[in-house]
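Report on the structure
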Amino acid sequence: MGKALIIGAGGVASVVVHKCVQNSDVFEEICIASRTVSKCDALKEKLDGGKTKIQTAQVDADNTEEVIELIKSFGPDVVINVALPYQDLTIMDACLATGVHYVDTANYEPPETAKFEYKWQWAYKEKFEKAGLTALLGSGFDPGVTGVFTAHAQKHEFDEIHYIDIVDANAGDHGYHFATNFNPEINIREITANGRYWKEGEWIETAPLEKKEVYNLPEIGPKDIYLLYHEELESLAKNIKGLKQIRFWMTFSEKYLTHLKVLENVGMTSIEPIEFEGQMIQPIHFLKAVLPDPASLGPRTKGKTNIGCIIRGLKDGKEKTYYVYNVCDHEECYNEVGSQAISYTTGVPAMIGAMLVMNGQWRKPGVWNVEEFDPDPFMDALNKWGLPWQESHNPELLDLDLNAKEV
Ligand code: NDP
């Protein structure tokens with residue numbers, strides 16, 4: 001059917017490439033491009049020889065002109081941005097300049113301030129509309145599948161959705177004292193920021209990891225879950241009409257949190273540049289350099305992830321509860337594509353989003369979040385491409401009022 005340019009060659013990109021190659025009827029040609037071309041070449045070497053033609057290229061995606069040149073020479077139908085959130089705007093600019101659709105998995109963040117907001121990318125809506133191009137934002141798991149799950153619930157289960165709790169659990173064990181499952185800088189910036197949730201039109205702020213609950217997750221069991229701000233809260237609060245409250249929860253082990261606390265206390269998670277041996281460095285960049293590469297965790301990680309949405313609302317005038325989730329096994333992911341489940345659960349939906357843009361099912365001019373499209377083809381594709389979903393109409397519920405008890 002067409003050609004995709006994949007920017008990035010890290011943990012998530014590796015899964016995207018594997019999945020595009022498996023889906024060769026749609027992805028006839030791909031180009032893998034990143035700063036370090038050897039990583040792209042290694043992926044090509046592993047997967048070359050099938051129906052999908054693979055090229056590689058070196059690109060610094062912070063530089064719009066370089067991306068424009070690459071797009072002009074390769075001629076893709078869509079760019080799948082699985083580099084880092086800092087490159088979102090430069091890549092969107094390059095897509096506009098060349099008339100190519102855009103898909104990513106994480107919202108733009110200015111490198112100098114840890115701030116997760118869609119405002120910079122939503123500001124491109126008119127430009128994409130005028131160009132007749134689709135920009136699909138946040139087509140990973142969370143954001144991504146969590147938005148599709150919500151749109152599915154809205155379409156098939158509820159007349160009105162009132163409360164959403166997104167629960168992201170990782171019960172995987174990689175055997176290291178401390179490692180992050182995806183880019184450490186992005187991961188640590190997310191966790192050390194204040195928590196925030198949305199209630200009745202207001203954002204309510206909490207101290208980092210201040211609110212904790214225990215939730216009994218299917219196939220994983222009871223886990224400590226902590227309230228975090230997560231970027232899909234912003235788009236879902238805007239796009240789901242009638243919503244009263246939305247929160248996001250993530251599991252962390254005590255061991256992980258103890259290490260993180262110490263690193264934070266000694267200043268290693270800071271993004272404030274310091275002088276070190278005559279050079280200015282951000283401590284978090286140094287920390288990233290000494291931590292295990294997330295891509296190396298695959299062969300060591302055992303256990304499962306469970307990510308889903310617990311939803312409450314009304315159907316035919318009656319209160320209703322619904323839980324839709326995916327369970328993913330780290331070892332099965334590794335056996336299939338050589339990556340652990342965190343990269344897998346992000347890379348599969350990125351491929352699906354790009355496929356739906358390419359085949360026209362999710363194509364409309366503008367800048368969109370996943371919940372703004374028909375969820376049905378995406379939900380079907382999740383079952384087909386390795387992330388089958390399950391549902392419960394009688395799930396365990398979380399307390400709606402966090403201040404009702406001491407946590
Ligand atoms: P990695 O750090 O493993 O990989 C990032 C890749 O981007 C590397 O290949 C890196 O190349 C490349 N890159 C960085 N800067 C540039 C640049 N200026 N130009 C070109 N390439 C560049 O990250 P992950 O694979 O773990 O994550 C990828 C994305 O997925 C991130 O945006 C992350 O936030 C997002 N994500 C989304 C999730 C979701 O569920 N929605 C969950 C997990 C991740 P090099 O090594 O040469 O620097």
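Throughout what follows, the structure given in this document is the object of discussion. These figures come from a predicted structure and were not determined experimentally.

Okay, the overall build of the chain next. When you go through the chain residue by residue, the secondary structure sums to 14 helices and 18 strands. Relative to the globule expectation of 22 Å for 407 residues, the C-alpha radius of gyration of the chain, 20 Å, shows essentially globular dimensions. Projected onto the principal axes, the alpha-carbon positions of the chain cover approximately 60 × 55 × 40 Å. A total of 407 residues make up the chain; the buried ones form 57% of that total. In the structure as shown, the chain presents an accessible area of about 16,500 Å², 48% of it carried by carbon and sulfur atoms.

Once that is clear, we can look at the environment of G267. With respect to the helices and strands, the residue G267 is situated in the loop between helix 10 (254-265) and strand 13 (274-276). The exposure class assigned to G267 is partly exposed, which follows from its relative accessible area of 27%. Between the C-alpha atom of G267 and that of P283, which follows or precedes it by 16 residues, the distance is 7.2 Å.

What follows is about the packing of helix 3 (residues 64-74) against helix 4 (residues 88-98). For the pair helix 3 and helix 4, the least separation of the axes is 9 Å and the interaxial angle reads 45°. One element, helix 3, and the other, helix 4, form an angle in the oblique class. Remark: the crossing between helix 3 and helix 4 carries right-handed chirality. Contact residues: helix 3 offers T64, V67, I68, I71 and K72, while helix 4 offers T90, D93, A94, C95, A97 and T98.

Another point: the sheet that holds strand 1 (residues 2-7). In spatial order, the strands read 3-2-1-4-5-6-17; together these seven strands make up an open sheet with parallel pairing. Each of the sheet's edge strands pairs with one partner strand only, and the pair in question is strand 3 (53-58) and strand 17 (366-369). The average undirected angle you get between the axes of adjacent strands in this sheet is 20°. Alignment of strand 5 (residues 101-104) against strand 6 (residues 134-137), held across two bridges, turns out to be parallel. Looking at the pairing, Y102 lines up with A135 of strand 6. Those strands touched by helix 1 (residues 11-22) are strand 1, strand 2 (27-34), strand 3 and strand 4 (78-81), and its axis lies near 165° from that of strand 2. This element, helix 13 (residues 341-358), spans strand 1, strand 2, strand 4, strand 5 and strand 6 of the sheet and lies at about 160° to strand 5.

What counts and what doesn't
- Residues numbered from 1 in each chain as written.
- Predicted model: local features only at pLDDT ≥ 70, side-chain atom pairs only at ≥ 80, totals over all residues.
- Heavy atoms only, no water.
- Helix = DSSP H or I, 4+ residues; strand = E, 2+ residues; numbered from the N terminus.
- Rg over C-alpha atoms; globule rule 2.2 N^0.38 Å.
- Buried < 20%, exposed > 50% of the residue type's maximum accessible area, 1.4 Å probe, protein only.
- Areas by Shrake-Rupley, 256 points an atom, 1.4 Å probe, with all protein chains shown as cover.
- Axes fitted to C-alpha atoms, helices over the stretch in contact; angles between N-to-C directions.
- Parallel < 35°, antiparallel > 145°, perpendicular 65-115°, else oblique.
- Left-handed = near helix turned anticlockwise from the far one by under 90°.
- Contact = heavy atoms within 4.5 Å.
- Pairing = 2+ DSSP bridges.

These values are about where atoms sit, not about what they do.
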